[in-house]
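# Breakdown of the fold
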Amino acid sequence: MVSLVVTYLFTVKPLSATIIYMKKPVILIVDDNKVNIELLRAQLKPYNYDIDTALDGEEALAKIAKTPPDMVLLDLMMPKISGYEVCRSIKKNKLTQFVPVIIITALQELDDKLKAIELGADDFLVKPFNKLELITRIKSLLRMKELHDDLDHSENILFSLVEALEAKDIYT
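Cut-off values and rules
- Residues numbered from 1 in each chain as written.
- Predicted model: local features only at pLDDT ≥ 70, side-chain atom pairs only at ≥ 80, totals over all residues.
- Heavy atoms only, no water.
- Helix = DSSP H or I, 4+ residues; strand = E, 2+ residues; numbered from the N terminus.
- Buried < 20%, exposed > 50% of the residue type's maximum accessible area, 1.4 Å probe, protein only.
- Contact = heavy atoms within 4.5 Å.
- Areas by Shrake-Rupley, 256 points an atom, 1.4 Å probe, with all protein chains shown as cover.
- Pairing = 2+ DSSP bridges.
- Axes fitted to C-alpha atoms, helices over the stretch in contact; angles between N-to-C directions.
- Core = buried A, V, L, I, M, F, W, Y, C linked by side-chain atoms within 4.5 Å.

## Some words on the overall build of the chain
Helix and strand counts for the chain stand at seven helices and five strands. When the helices and strands of the chain are listed from N to C terminus, the series reads α-α-β-α-β-α-β-α-β-α-β-α. For the chain, buried positions account for 34% of its 172 residues. In the chain, the share of contacts with a sequence separation of at least 24, taken over all contacts with a separation of at least 6, comes to 61%. Accessible surface computed for the chain: about 11100 Å², of which carbon and sulfur atoms make up 60%.

## A word on the sheet that holds strand β2 (residues 50-54)
Strand order in the open sheet made by the five strands is β2-β1-β3-β4-β5, with parallel pairing throughout. Looking along the sheet, the strands with just one partner apiece sit at the ends: β2 and β5 (123-126). Recorded for the sheet is a direction-independent mean angle of 20 degrees between the axes of neighbouring strands. Here four bridges tie strand β4 (residues 101-105) to β5, and the two strands are oriented parallel to one another. Counted as the bridge partner of I104 is L125 from β5. In the packing of helix α4 (residues 57-66) onto the sheet, contacts are made with β1 (26-30), β2 and β3 (71-74), and the angle to β2 comes to roughly 135 degrees.

## Observations concerning the nonpolar core
Counting 21 residues, the largest nonpolar core has L28, V30, V72, L74, I90, V101 and I103 as the members making the most contacts within it. Only β1, α4, β3, α5 (83-92) and β4 provide two or more residues apiece to this core. Tallying contributions element by element places α5 first for this core, with four residues. Apart from the residues lying within four places of it in its own chain, the contact partners of L28 are D52, T53, A54, A60, K63, I64, P69, M71, V72 and L73. Grouped together as the second largest cluster of nonpolar side chains are 17 residues, L44, L73, I104 and L134 included.

Printed below as a string of structure tokens:
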């Protein structure tokens, strides 16, 4: 049986042959201040990102539920639903729990930072922030998400192969 599995695995078409193109990462910017959104959009423009925006937490959660982004840049102080609640919702949802969230806020107190991190934020930057630091953190977290997504995809392929083999095996 082991030789059958090994033979079968080596006859599968390589993953790299099935990938036609890589999509641009989607970054959702959530801030109630349009000036802040445009500033972030301008700083990210030279990079290969699709930018989406939301002006409050309610709009952000609706967009995330419809099409989860690859990353969220999130202000904490917003009307309707706070950034804390948005972060909590993203990280509690099984479909979005691995979407990186970077908090970008004017709040400077340690308690604010600790609360955001306890709710699942992946990083925390205080306004005004250094552009190079922001870009470096975005690239790093997007790379981690890409690796996680690749691992998840590989796991799904392996489970599919095992199910196919079990379906063909009369003894299982």
